[in-house]
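# Understanding the architecture of this molecule
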Amino acid sequence: MTATRILVLNSGSSSVKYQLIDMADHSRLATGLAERIGEDTSTLTHRPPAGGEPRERRGRLADHDAALKAVAEELAADGLGLDSPELAAIGHRVVHGGLKFTEPTLIDEVVLKEVERLVPVAPLHNPANITGIRTAQRLRPDLPQIAVFDTAFHSTMPEHAARYAIDVKTADEHRVRRYGFHGTSHAYVSRKTAELLGKDPAETNVIVLHLGNGASASAVRGGRCVDTSMGLTPLEGLVMGTRSGDIDPAVVFHLGRVAGMSMDEVDELLNKRSGMAGLCGENDMREIRRRVEEGDAAATLAFEIYIHRLKKYIGAYYAVLGTVDAVVFTAGVGENAAPVREAAVEGLAELGLAVDGELNAAGGREPRLISPRDARVKVAVVPTDEELEIAEQTYALVTGG
Ligand code: ADP
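Quick caveat, the model's predicted, so the values are computed rather than measured.

Another aspect to go through is the pairing of strand 14 (residues 378-381). Two faces belong to every sheet, and in a regular strand the side chains alternate between them. Strand direction decides the pairing type here: strand 12 (residues 326-330) and strand 14, joined by four bridges, are parallel. Looking across to strand 14, one finds that A326 is bridged to K378. Of the strand pairs in this sheet, strand 13 (residues 368-369) and strand 14 are connected by two bridges, and their pairing is antiparallel. Paired with L369 across the strands is A380, a residue of strand 14.

The structure is reproduced here in structure tokens:
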């Protein structure tokens, strides 16, 4: 029997998302989410193979070990246990790969030590990813475990895009540079966009706008990332659900000196109480649009700020690329919010950018063009699928493909 199944694990600080994917036909055999790990109100929602009813477990999952054991039990109940010979490998999302990890990597102790060394530059994410890996290793010590890094796709950025203009010695000593995130999504979506255009990715230039709760833009030339909006951490760039994106760094000193805020307080402000939530008290774009329609002033201004920043990045990446084949929207907001797409390219006809009202308003889960038929530069919606991309990269590594 050939092993064609990949379990994809995305371990957060208090959650574990998982998908079991059969690479023979890309079908999802099971998906699920364990949330609020470590609290009394933990839940595990498990979606069995097509046609089965979702199952929910409530009650304390003390730690990631307990959560993954519960996941393993749910999978086993569907005949998909981790001991199955059909399971080829486990693919782990790892947020920060630093400069070292630019490809999917077979995990061993040396790799884990290196991922641990990156904790200071990814304090929120890498520890949770490491915990997930160690737990999965305990459950299946014999199985290949592969790390797929969020930063990897951006490692092709040239130095002039990756470096901050600060003292080189200080920057190098503390590994301060622009790494970029959401790389798995940018890689998948830029490739799918070339497919949608019927072009070779190596000859296609795209601007990818990944707009979810976290949001980032990238400029992709011939399948390789040449710039992206997130930097040392996922705080830089676009306005996000709760993160500020670009800001004058002197705001931090100002708040320290004038408002007496500590470093941790400013960190919390910029990461958790900023962005759309900070501007209008709401980070869900659906609710923001509803309030805009009702004439709510705070929501309207927040929406305008969001679009203004987005437009600046489209313009900047247009200039970086020189010629652009497509601007593509993805993730929760990008895939679903037609008003965001319309507003983002409004007034950019001189750049060859426009959306067709009807095509933009039509929904769907398939990649699609929303620009007028004769448009010089295409505008597209391409649903992202980070789990499938992780599974594909994992499977390719273990099968030598
Ligand atoms: P993340 O993975 O970063 O948490 P997602 O890519 O799942 O985020 O995107 C989540 C966001 O997508 C939600 O916060 C919501 O604002 C937005 N969203 C989802 N559906 C819609 C919709 N129909 N219209 C507008 N925004 C939507």
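Turning our attention to the sheet that holds strand 6 (residues 87-94). Reading across the sheet, the eight strands line up as 5-4-3-2-1-6-8-7 and stay open at both edges, with mixed pairing between neighbours. Each edge of the sheet is formed by a strand with only one pairing partner; in this case those strands are strand 5 (55-58) and strand 7 (105-106). Here strand 2 (residues 16-22) pairs with strand 3 (residues 27-35) via seven bridges, running antiparallel. Bridge pairing in strand 3 places V16 opposite A34. Packed on one face of the sheet, helix 15 (residues 386-399) meets strand 1 (5-11), strand 2, strand 3, strand 6, strand 7 and strand 8 (145-149) and runs near 125° to strand 6.

Moving on: the packing of aromatic side chains. Following the criterion strictly, the structure yields two aromatic pairs and no others. Judged by centre distance (5.6 Å) and plane angle (75°), the ring pair of Y313 and Y317 falls under edge-to-face. With Y313 and Y317 both in helix 11 (residues 297-321) and four residues apart, the pair spans about one turn of that helix. One residue, R289, lies across the ring of F303, its end atom 4.6 Å from the ring centre.

As a further point, take the UniProt feature "active site" (unreviewed entry) in the protein. Following the UniProt record, the feature "active site" (unreviewed entry) maps to D150 here. Within the fold, D150 resides in the loop between strand 8 and helix 4 (159-162). For D150, a relative accessible area of 2% corresponds to the buried category. Setting aside chain neighbours within four positions, we find D150 in contact with R93, V94, V95, G180, F181, H182, G183 and T184. A polar atom in the side chain of D150 sits 2.8 Å from the side chain of R93.

This part covers unusual backbone geometry. Of note in the backbone geometry, R36 takes a positive phi value of approximately 50° without being a glycine. One can find R36 in the loop between strand 3 and strand 4 (43-47). Residue R36 is classed as partly exposed on the basis of its relative accessible area, which comes to 32%. Even without glycine at this site, A331 takes up a positive phi of about 75°. Summarising the element assignment, A331 is placed in helix 12 (residues 331-336). Given a relative accessible area of 6%, A331 falls into the buried group.

Criteria and cut-off values
- Residues numbered from 1 in each chain as written.
- Predicted model: local features only at pLDDT ≥ 70, side-chain atom pairs only at ≥ 80, totals over all residues.
- Heavy atoms only, no water.
- Pairing = 2+ DSSP bridges.
- Helix = DSSP H or I, 4+ residues; strand = E, 2+ residues; numbered from the N terminus.
- Contact = heavy atoms within 4.5 Å.
- Axes fitted to C-alpha atoms, helices over the stretch in contact; angles between N-to-C directions.
- Phe/Tyr/Trp six-rings, centres within 6.5 Å; stacked < 30°, edge-to-face > 60°.
- Lys NZ or Arg CZ within 6 Å of the ring centre and 35° of its normal.
- UniProt positions renumbered as here; feature names shortened; annotations may be inferred.
- Buried < 20%, exposed > 50% of the residue type's maximum accessible area, 1.4 Å probe, protein only.
- Polar contact = N/O pair within 3.5 Å; in protein donor to acceptor, adjacent residues only side chain to side chain.

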